[in-house]
Structure formats: C-alpha cells, structure tokens
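The primary structure of each chain is shown beneath.
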Amino acid sequence: MQNTNTNTNAGRLITTSKIFGVTLLGSLCLAFNTAADAQTKPAPAPKDTLEFYNVHTGESMTVTRKKGELISDRTNLFMRDYRRNEKANMSPQLFDLLGDLKKSIQKRYPNISVTFKVVSSYRTPQTNSALQRAGGTQADKSQHMLGKAMDIAVDGVPTKDLRDMATCLKRGGVGYYAEDQFVHVDVARVRYWPSHDYLKGLKCPKN
Ligand SMILES: [Zn+2]
C-alpha cells in the first residue's frame, strides 16, 4: 500500500511539474506575441474629445476624433453659417489646433472643464459681405469662408490667456477681440491682430 501511495504521489508530482512546464511555456509565448505585436502594430493614435457650444443656436456637440481625421458631416452641420443655414467642409487642421489648444488650457487651468463657445465658424461669402456692410471688420478673404477659422471663448479662461495660448501654438492667425471677449483662430499663415505688442512679453511653455 505504501508503494502504491509513493507511486501515486510521484505521478502527481510529475503531472504538476508538467502542468507547470506548460504554463511557463504558455506565458513565454504570450510574452513573445506581445513583443511581436508591439513591433508590427503601431500604437493607436490618441483621440481628442472636444466639447462645443454654439452661442447663436444654443446647440451643444461633442466631437471625438483622431488628429488629421476628416470632419464629419454632423460636425460640419453644427459649424454651419446659421444665418443662411449653409454648411461647408471644415478644416481638419483647425480641429487639430483646437485639440492642442484644449491641452494647453487644461495645463494652465486644470480645474476647468473645457467647452469651446463658438461665436462664429463657417461663414458664407454672402454673410461675410453682409457683416462688412453692417460695419464689421471681416476680411474680404476671411478664413471663415473656407472653413478654416473659428471665433471662440472658454468660460473661466480670460480672453487674453486664450489668445496667448493660441499664439504659442504658432499654427495660424490669432485675432484678439477684447471687447467682445473672443479669440479668432485659423489655420492660414501665422499672423496676429489687432496688435503685435503682446508678443514681446509672451512666455510660451516649453514642451
Ligand atoms: Zn474670426
């Protein structure tokens, strides 16, 4: 009986060791696969989530997208010229810029939930002309007519700070509208208005 018991115990021991061997081998394979996956599959691009509130229509929208991704039709509709109910293809670069601007805001104001208040985005040539005739300062070749510009404000962020953070990104035009409390951003060439004076004292964070 004792012999039988010993044999059984030995058998159990071998079985356990085999199971252990298989388990160990399995873990190694898993580790190898993970390493191989890391080499072949690039890490998925992070997505930006942008919250918008249109001050004219009262509509809100959340846009989640990867950098460079085309702008959805739904987003284009949200960004429409509300006066004429016409939409255009909005620039992906503009939304890339807003994604980076949001990151800058979150760094400086970590307790703020960032919602971009949209004062103006797409503008038809007809609306642009009408605003000019009404005494506005809209440019003849406004980037708004190309879907490459947005006038924005963010609750809790002073307009001046928003201007400074947009300026530090150096991605296009930045217009400062102190009285109306919004900032124009576009993705045309880098330029600033109405004044360049603030650039001298501007300290941009190092990334
Ligand atoms: Zn503008």
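About the criteria used
- Residues numbered from 1 in each chain as written.
- Predicted model: local features only at pLDDT ≥ 70, side-chain atom pairs only at ≥ 80, totals over all residues.
- Heavy atoms only, no water.
- Donors = N, O, S within 2.8 Å, 3.2 Å for Na, K, Ca; no water.
- Helix = DSSP H or I, 4+ residues; strand = E, 2+ residues; numbered from the N terminus.
- Buried < 20%, exposed > 50% of the residue type's maximum accessible area, 1.4 Å probe, protein only.
- Disulfide = S-S within 2.5 Å.
- Phe/Tyr/Trp six-rings, centres within 6.5 Å; stacked < 30°, edge-to-face > 60°.
- Lys NZ or Arg CZ within 6 Å of the ring centre and 35° of its normal.
- Salt bridge = Lys/Arg side-chain N within 4 Å of Asp/Glu carboxyl O.
- Core = buried A, V, L, I, M, F, W, Y, C linked by side-chain atoms within 4.5 Å.
- Contact = heavy atoms within 4.5 Å.

Coordination of the zinc ion by the protein is provided by His144 (NE2), Asp151 (OD) and His184 (ND1), with metal-donor distances spanning 2.0 Å. All donors of the zinc ion belong to a single chain; written as a sequence motif, their spacing is H-x6-D-x32-H. Here Asp151 is found in strand S4 (residues 149-153), whereas its partner His184 is found in strand S6 (residues 182-186), with 33 residues between them in sequence. Relative accessible area serves as the criterion here: at 5%, Asp151 is assigned to the buried category. Note on His184: relative accessible area 6%, which makes it buried.

Within this structure, the stated rule accounts for one disulfide. Between the sulfur of Cys168 and that of Cys204 lies a disulfide, 2.0 Å long from S to S. With the S-S bond torsion at -85°, the cross-link from Cys168 to Cys204 turns out left-handed. Here Cys204 lies in the segment after helix H6 (198-201) and Cys168 lies in helix H5 (residues 159-169), a separation of 36 residues in the sequence. Judged by its relative accessible area of 17%, Cys168 is buried.

Another aspect to go through is the packing of aromatic side chains. Both the distance between ring centres and the angle between the ring planes are used here to describe each pair of aromatic rings. Inspection of the entire model under this criterion finds five aromatic pairs. Centroid distance Phe52 to Phe116: 6.0 Å. Interplanar angle 35°. Geometry classified as tilted. You can see Phe52 sitting in strand S1 (residues 47-54) and its partner Phe116 sitting in strand S3 (residues 115-120), a full 64 residues away along the chain. In this structure, Phe52 and Phe116 share a single accessibility class: buried. Following the ring pairs from residue to residue traces out a cluster consisting of Phe52, Phe78, Phe95 and Phe116. A cation sits over an aromatic face here: Arg163 above Tyr176, 4.5 Å from the ring centre. For Arg163, the ring lying beneath its charged end belongs to Tyr198, and the centroid distance is 3.7 Å.

Moving on, we get to the pattern of salt bridges. Counted according to the given criterion, the structure contains 13 salt bridges. Residues Arg108 and Asp161 are paired through a salt bridge, measuring 3.7 Å at the closest nitrogen-oxygen approach. Of this pair, Arg108 sits in helix H3 (residues 92-108) while Asp161 sits in helix H5; the two residues are 53 residues apart in sequence, bridging distant segments of the chain. For Arg108, a relative accessible area of 37% puts it in the partly exposed group.

What follows covers the nonpolar core. Phe52, Leu98, Ile105, Phe116 and Met150 are the most contacted members of the largest nonpolar core, which totals 36 residues. The set of elements that each furnish at least two residues to this core consists of S1, strand S2 (60-66), H3, S3, S4, H5 and S6. Of all the elements, H3 adds the most residues to this core, at six residues. Excluding its chain neighbours within four sequence positions, the residues that come into contact with Ile105 are Val114, Phe116, Val154, Val157, Leu162 and Met165.

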